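Fold and contact review
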Amino acid sequence: METETLKNDGATLSDVFKAIKSHLIAIIVIFAAFCLMGLAVAKLQKPVYKSEGSVMAAYDSTKYNDDGKTTISTEYTLSRYILPTVASIFKEDKVLDVTAEKLALLKENGAISQDEKITNSALRANLTVTRSDNEDLLIKISYVAGSPEDARKILSTIVDSAIEVADSKDVHDNPVYKLLCDNIKVFSPANLGRQANNSSKYIVIFALVGIIVAAAYVFIRELLNNKFKTAAE
């Protein structure tokens, strides 16, 4: 009985290694070129600086408690209750409107660089607000700007504006936002911005693109190669 041997026309792992070996120099050149492009782009990036600070949600229940009785656990529970709200108000338009108005005056007086954008969208994009975990009452805030001093001033202004809005009173001198009034405290003031450029990010991205381009190059070259490779062919 004759047996028929089925041939696998697909590329094997050995074929892949052979293709890589035959085009190794081209692969290295392409990869190195893209890595150098990534390095060049990283060097051309304008330096940015990040200022960091933190605030604390500290609810004081004695203000609205007639008998004046309260406990630390009660204060802690109430502070945790308002924590998500405190964290979210920094990016609210109401707070950013007040911030932009204050920063416009600082810009006119030359206290902030003319290159800094002070629109709500720009402020929101450069502002980061994070909470460590559900047990922590601290909220960490950071802002990225073109200079160390600008980063600090803008972050300080955002925090001051948020507290100002939270502490606002009506015409009868009653708190507009009872849960927030007087309950946001600055824990760590905004520090002088530190350089925050991530140069390695561009190198990694370009390196990955280089690998993809090199793989595509090898694939196309092998696809267009019509030469016989074996005696069987």
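Look up a bit, the structure's there.
One structure accompanies this document, and this report is about it.

Inspection of the entire model under this criterion finds five salt bridges. For R194, the salt bridge is made with E52, and the minimal N-O distance between the two is 4.0 Å. Within this pair, whereas R194 is found in strand β5 (residues 194-195), its partner E52 is found in strand β1 (residues 49-57), the two being separated by 142 residues in sequence. For E52, a relative accessible area of 36% gives the class partly exposed. Taking the shortest distance from any N to any O, the salt bridge between R152 and E149 comes out at 2.8 Å. Of this pair, R152 and E149 both sit in helix α6 (residues 148-166), separated by three residues, roughly a single helical turn. For R152, a relative accessible area of 28% gives the class partly exposed. Of the residues examined, E149 reaches a relative accessible area of 30% and is grouped as partly exposed. Each member of the salt-bridge network shares a partner with another, and the members are K50, E52 and R194.

Scoring rules and cut-offs
- Residues numbered from 1 in each chain as written.
- Predicted model: local features only at pLDDT ≥ 70, side-chain atom pairs only at ≥ 80, totals over all residues.
- Heavy atoms only, no water.
- Salt bridge = Lys/Arg side-chain N within 4 Å of Asp/Glu carboxyl O.
- Helix = DSSP H or I, 4+ residues; strand = E, 2+ residues; numbered from the N terminus.
- Buried < 20%, exposed > 50% of the residue type's maximum accessible area, 1.4 Å probe, protein only.

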